Amino acid sequence: MPLQIKFNRIYLIIAAVLIGLARMAGDFFIQIFLNPDNSIIIVWKFVTFALFSSSVLVFIFSQPIKELHQFEGNFEDDFFRDLVKLILLSLGLITGGLFIPERAFEHEVANNLFWLLISDVFTMYGIICGLIILHFVYKWLLIFKHKKTSTNIRILSFALGYFFIAFFIRDVLNLRENQVLSSLNKILFIIISVLLFFTAKKNSWIALLPRRGKLRLVGESLLGIIVSIIIFSYSRSDSGSLAKIFAVFLPGSSSILSIPILYVIIFYSRLFLSALASLPTSQIVERKTSELSSLAYLNRIISETIDFENLINTVTKLALQVSNAAASWAEFYDKKTGEVTVTSAQIISLELIKDIHKRYNISEFFKKIKKSELISSVTENKEIYYLAEQRIAGSLIVTPLCSVNDRFGTLVIVSPEEYGFEFDDIKIMAAFGDNVSVALENIRLVSEAVEKEHYKRELMLAQEIQKKLLPQEIPPIEKFSVSAFSIPSEEVGGDYYDILYIKDGRPCILIGDVSGKGITAAFYMAQLKGVVLSVAKEATGAADLLRRVNSTLYGAMEKQMYITMSSLVFDSADNSIIFARAGHMPTIIKSAKCTKLITPNGIGIGLAPQKIFDSHLDETRIKLYHGDVCLFFTDGINELKNIDGEEFGYEQLSEICENESSCNAKSFLDNLQIQLSEHVGTAHAHDDMTAVAIIFNDGEILENVS
Amino acid sequence: MKNQNKFEIKHQANRGIQCLNLEGYLDAHTAPKLESAIEELMKSGFNKILVNFQDLDYISSAGLGVFMAFIEEIRESGGDIKLTSMKSKIFSVFDLLGFPILFDIETNDESAIAKFLKNDLRKNEE
């Protein structure tokens, strides 16, 4: 409860003040009325001393010690404040010790009332100082604690108690000349000093102090040592002037000051030595700390940002912070055009750098540098001497930025002076370069992935649209069972099939294959669909339809593009089909008698002008009987390769046709698809696959179909 | 499948006729190689080109397209592209498309060269 503590602490102050006043009043009384040898005096002195010291002790030690850790916060400020407070208190003690003459006392009794009261006040001040010093040591030992600290603090507290009692007894019983006791005390003194010296060893924080902080620590601890040694020599229990003043207050009481002072001397010495030792390396340490934090910062930025500009700006700024550079910039090279982009210039004008690039081929020079390199004297360098002439740089560090196998940029830091950089600057810039390269590569990969995703979405859309260009369902055709499928090898393809009605209303099935595959083929496929739809209404037959398609498309396509097509007109009245082929795969016809490949003459669409095309196009009429199968397909099917490179082939296709007995084109094609996927196995289909199956079913021997 | 992308063109001149001997797989990936080879010949002013298919194992639709891309221009300049020595499988691909109507496909280099020379002779007589 903070309120409770505050309340009690005010009482403690009041108690201490009252005890002090009572003591002075009592001393006044004793001086006048009592014989100095009266044994009651020592009891009075002891009781008042004990009461006063303990109230001050409780007051000081009831101050909560903040939970400080040596590696966090600005605990150094707190430390320096305490240090200054201590030195000021000590200076007060020294002044007092000098001011109060030794001759004011004789045999631990004041010569007159004035000196008695002065010594009372001063001793009480001394007690307070001693306890504050004790608290200081205690507090900072705790803050810089290590695993043995608490044991050591216990030993130190015990030592304080021991010396106090020992000196008290010695002085009261007049045992000053006792050799055994004084030797024992000396040995204990040394043991404690050594112990404290090791207790105060955790000073690694000093190394991380900025140079100014270290200088201050050296100065203040040195001053502290001097002041404390003076006080210590004054307060030594047998000879010092402070010791005599304390002895008047209570024999042996100077331990309450001398022991903490001894602690603090050792503590200061340790600080002084550590600070002094770390002074020469302080610049390096500062630099390393700054490098480390910049790299950490850079890494954080890298993990957070996918914005190229932002990252480069941060990098050129950080480069200035960690090196001796006066200015910096970055430049990037376009892989294809070789164009140089200068960006993120710091301190120096971007226009100036761009101007240099226009006038000189500086990027070529940079590109030749394969790893972070220092050019100590620009003037002496024949290739870039102009940088010195233009007063841009006296020396510079060039750091290449590269991905696995591609040099895409350069990070440049410059100093106006020749030999303006240190060896360490190259190392840190190399580290920077590596980090930035990775980050930029990441950004590039991310944006590539985003772009890919975008294209993928576009392709999916194209795929959807292309699916809609194919018949959603095949309308029923009298006496025929018809089915089809089309599987592009990529998202979109160049295969096409359709069912439509020609001029006289007869249904017509088309299958087509645009040369090539992928997007290009898909565009031609869409164009083909449009052409077919527009010419079908005027077409008089299977061959005529192909002629019309060719006359529209010949010359309208790129020269190396062509389309193979087959068309088939259903003649239900005549139980036959009329078939024409324009460069397309043969059609398999399976009848009761035999299974054969039919390949009427015909040139691919887009290959020949109308006259040649027309004169070489034949049309075949085929009479069909129940169960006869007619299979159209694109080359993706017969050329489908398995893992060993073996093609599916015409023979296997014919065999599947021969085995057909369902009279259902749909289930026939389902079976074909199963066989195809069994064939391809783990291999990948390299071409679009489309098939159209037509099975003649006039119901004459329907009972045979189960 | 492993050799799919392996495609070589060997070029030699025979009595003023540029002979290209194709080897391996001619598909969408390798077609540009043949395209640039023919283009180069045309740029250098040659218009009598003989393409030998003896060592070609596979040709795709994109491969066939290469010949279509140039034939018109070459014929306009008075030259020709003659195709020779096809394996039956390769020939059937050309045949299905109707190429024999459009291109001069010969069984061997000699007959193709003879035709080129004969044609030249006729022109000279004219």
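Just above, that's the structure.
Now for a look at the structure at hand. (Residues numbered from 1 in each chain as written. Chains lettered and ligands numbered in written order. Predicted model: local features only at pLDDT ≥ 70, side-chain atom pairs only at ≥ 80, totals over all residues. Heavy atoms only, no water.)

## So, the overall build of chain B
Applicable threshold: Helix and strand assignments follow DSSP, with helices taken as H or I runs no shorter than four residues and strands as E runs no shorter than two, numbered in order from the N terminus. Partly exposed residues are those whose accessible area sits between 20% and 50% of the maximum for their type, while under 20% is buried and over 50% is exposed, using a 1.4 Å probe and protein chains only. Note on areas: Shrake-Rupley, 1.4 Å probe, and residue coverage restricted to the protein chains presented here.
Each helix and strand counted, chain B has five helices and five strands in total. Listing every helix and strand of chain B by position from the N terminus yields β-β-α-β-α-β-α-α-β-α. Looking at chain B as a whole, 49% of its 126 residues are labelled buried. For chain B, the computed accessible surface area is about 6,300 Å², with 47% contributed by carbon and sulfur atoms.

## A word on the pairing of strand β7 (residues 407–415) of chain A
All names here are of chain A. Applicable threshold: Paired strands, in this sense, are two strands between which DSSP finds at least two bridges.
For β7, the buried fraction is high: nine of the nine residues fall into the buried class. Sheet topology note: the strand β3 (residues 327–333)/β7 ladder contains six bridges and is antiparallel. Directly across from E331, in β7, lies its bridge partner T410. Across eight bridges, the pairing between strand β6 (residues 395–402) and β7 is antiparallel. From the neighbouring strand, L401 faces β7, where its bridge partner is G409. As consecutive antiparallel partners, β6 and β7 are separated by four residues.

## Observations regarding the interface of chain A and chain B
Condition: Contact criterion: two residues are considered in contact whenever any of their non-hydrogen atoms come within 4.5 Å of each other. What gets called buried area is simply the loss in accessible area from a 1.4 Å probe that two parts show on being joined, summed for both. Salt-bridge detection follows one rule: a side-chain nitrogen of Lys or Arg within 4 Å of a carboxyl oxygen of Asp or Glu. Identification of polar contacts relies on pairs of N or O atoms within 3.5 Å, with a donor-acceptor requirement for protein atoms, meaning one able to donate a hydrogen and the other able to accept it, and with residues adjacent in sequence counted only if both atoms are side-chain atoms. Charged means Asp, Glu, Lys or Arg here, nonpolar means Ala, Val, Leu, Ile, Met, Phe, Trp, Tyr, Cys or Pro, and polar covers whatever is left, Gly included.
The partner chain B presents 19 residues to the 28 residues of chain A that form the contact. When chain A packs against chain B, the two sides together hide about 1,800 Å² of surface, and 63% of this comes from carbon and sulfur. Linking chain A with chain B are one salt bridge. Across the pair B:K89 and A:E647 runs a salt bridge, and its minimum N-O distance is 3.4 Å. Our count for the chain A to chain B interface comes out at six residue pairs in polar contact (both at pLDDT 80 or more). Its residues placed into classes, the side of chain A that touches chain B shows 10 nonpolar, 13 polar and five charged.

## So, the sheet that holds strand β4 (residues 80–84) of chain B
All names here are of chain B. To keep it simple, the criterion reads: As a rule, the C-alpha atoms of each element are fitted with a line to give its axis, helices using only the stretch in contact, and angles between N-to-C directions run from 0 to 180 degrees.
The mixed open sheet is built from five strands, whose spatial order is β1-β2-β3-β4-β5. With partners counted over all chains shown, the strands left at the sheet margins are β1 (7–14) and β5 (104–106), one partner each. Direction aside, the axes of adjacent strands within the sheet are offset by 25° on average. Contacting β3 (48–59), β4 and β5, helix α3 (residues 88–97) crosses the sheet at an angle of about 115° to β3.

## What to know about unusual backbone geometry
For A:Y419, which is not glycine, the phi torsion reads 50° and is therefore positive. Residue position: A:Y419 is located in the loop between β7 and α16 (423–469). Judged by relative accessible area, which is 53%, A:Y419 ranks as exposed. With a phi angle near 55°, B:S85 is a residue other than glycine that sits in the positive phi range. Look at B:S85 and you get buried, because its relative accessible area is 13%.

## Points about the packing of aromatic side chains
Rules: To pair, rings of Phe, Tyr and Trp, with the six-membered ring standing in for Trp, must have centres within 6.5 Å; the planes then decide the type, stacked if under 30 degrees apart, edge-to-face if over 60, and tilted in the middle. A positively charged side chain is recorded as over a ring if its NZ (Lys) or CZ (Arg) lies within 6 Å of the ring centre. The angle to the ring normal must also be within 35 degrees.
Under the defined criterion, the tally for this structure stands at 21 aromatic pairs over all chains. Aromatic pair A:F122 and A:Y125: ring centres 6.2 Å apart, planes at 45°, arrangement tilted. Here A:Y125 and A:F122 lie together in helix α4 (residues 113–143), a separation of three residues that amounts to about one turn. Overall, the relative accessible area of 10% leaves A:F122 in the buried class. A centroid spacing of 5.6 Å and a plane angle of 75° characterise the contact between A:Y385 and A:Y386, whose relative ring orientation is edge-to-face. In textbook terms, an aromatic cluster arises when at least three aromatic residues are bridged by ring pairs, as seen for B:F53, B:F67, B:F94, B:F99 and B:F103. Above the face of the A:Y333 ring, A:K367 is positioned so that its terminal group lies 4.6 Å from the ring centre.

## Side note on the side chain of A:S377
Looking at the secondary structure, you find A:S377 in the loop between β5 (373–375) and α15 (386–389). Those residues in contact with A:S377 that lie beyond four places of it in its chain are A:G394, A:E418 and A:Y419.

## Some details on the nonpolar core
Cut-off, in case you're wondering: Residues enter a nonpolar core if they are buried and are Ala, Val, Leu, Ile, Met, Phe, Trp, Tyr or Cys, with the set joined through side-chain atoms within 4.5 Å.
With 89 residues, the main nonpolar core has B:L22, B:F53, B:F67 and B:F94 as its most contacted residues. Sequence-distant contacts of B:L22, that is, excluding residues within four places in its chain, are made with B:F7, B:E8, B:I9, B:L34, B:V51, B:N52, B:F53, B:D55, B:L56 and B:F67. In this structure, A:F79, A:L93, A:C129 and A:V218 belong to the second largest nonpolar core, which totals 70 residues.

## Details of the sheet that holds β3(A)
All names here are of chain A. Pairing is antiparallel across the open sheet formed by five strands, whose spatial order is β4-β3-β7-β6-β5. The strands lining the two open edges of the sheet, one partner per strand, are β4 (340–346) and β5. Direction aside, the axes of adjacent strands within the sheet are offset by 20° on average. Contacting β3, β5, β6 and β7, α16 runs over the sheet at an angle of about 30° to β6.

## Observations regarding the pattern of salt bridges
Two side chains of opposite charge can pair, provided their charged atoms sit close to one another. Inspection of the entire model under this criterion finds 25 salt bridges over all chains. In this structure, B:K10 and B:E23 form a salt bridge, with 2.7 Å as the shortest nitrogen-oxygen distance. Of this pair, B:K10 sits in strand β1 while B:E23 sits in strand β2 (residues 17–26), placing them 13 residues apart in sequence. One salt-bridge network, held together by shared partners, links A:D504, A:R506, A:D571, A:D574, A:R621 and A:K623.

## Topic: a nonpolar patch on the surface
What counts, and what does not: Patch membership requires more than 30% relative accessible area and the absence of a salt bridge. Residues of like charge join within 9 Å; the nonpolar side chains Val, Leu, Ile, Met, Phe, Trp and Tyr join within 5 Å.
A contiguous nonpolar patch, built from A:I10, A:I13, A:I14, A:V17, A:L18 and A:L21 and spanning about 540 Å² of accessible area, is present on the exposed surface. As for its placement among the helices and strands, A:V17 is situated in helix α1 (residues 2–33).

## Remarks on the packing of helix α12 (residues 308–322) of chain A against α16(A)
Residues and elements named next belong to chain A. Which entries qualify depends on this criterion: Any angle that falls under 35 degrees is termed roughly parallel, while one over 145 is termed roughly antiparallel, one within 65 to 115 roughly perpendicular, and all others oblique.
It is at 11 Å that the axes of α12 and α16 come closest, and there the two elements cross at 170°. Between α12 and α16, the crossing angle belongs to the class labelled roughly antiparallel. Touching F308, L311, I312, V315, L318, A319 and V322 of α12 are D425, I428, M429, F432, V436, A439, L440 and I443, all from α16. Residue composition of the contact of α12 with α16, grouped by class: 14 nonpolar, no polar and one charged.

## Observations concerning helix α21 (residues 649–658) of chain A
Within α21(A), burial applies to A:G649, A:L653, A:S654, A:I656 and A:C657. Residues of α21(A) that are buried make contact with β13 (587–590), β14 (595–598), β16 (629–633), α20 (635–638) and α22 (665–680) of chain A.

## Overview of the pairing of β13(A)
Residue and element names in this part refer to chain A. The alternating pattern of β13 places T587 and I589 on one face and I588 and K590 on the opposite face, and all of these are buried. As defined by bridge partners, β13 adjoins β14 across four bridges and the pair is classed as antiparallel. Following the sheet pairing, T587 is matched in β14 by I598. Note: β13 against β16, three bridges, orientation antiparallel. Along β16, the bridge assignment pairs I588 with L631.

## A look at helix α2 (residues 39–61) of chain A
The following threshold applies: In this scheme, a helix's expected span is set at 1.5 Å multiplied by one less than its residue total.
Compared with an ideal rise of 1.5 Å per residue, which puts 23 residues at 33 Å, α2(A) spans 33 Å between its outermost C-alpha atoms and is within 8% of the ideal. Those residues of α2(A) that sit buried are A:I41, A:K45, A:T48, A:F49, A:F52, A:S53, A:S55, A:V56 and A:I60.

## Observations concerning the packing of α21(A) against α22(A)
Residues and elements named next belong to chain A. The criterion, for reference: Throughout, a crossing is termed right-handed when the near helix is turned clockwise from the far one, and left-handed when it is turned anticlockwise from it by less than a right angle.
Between α21 and α22, the shortest axis-to-axis distance is 11 Å and the interhelical angle comes to 145°. Of the two elements, α21 crosses α22, and the hand of that crossing is right-handed. Counting all contacts with α21, which are made through Q652, L653, I656 and C657, the residues of α22 involved are F668, N671, L672, Q675 and H679. When its residues are assigned to classes, the contact of α21 with α22 shows five nonpolar, four polar and no charged.

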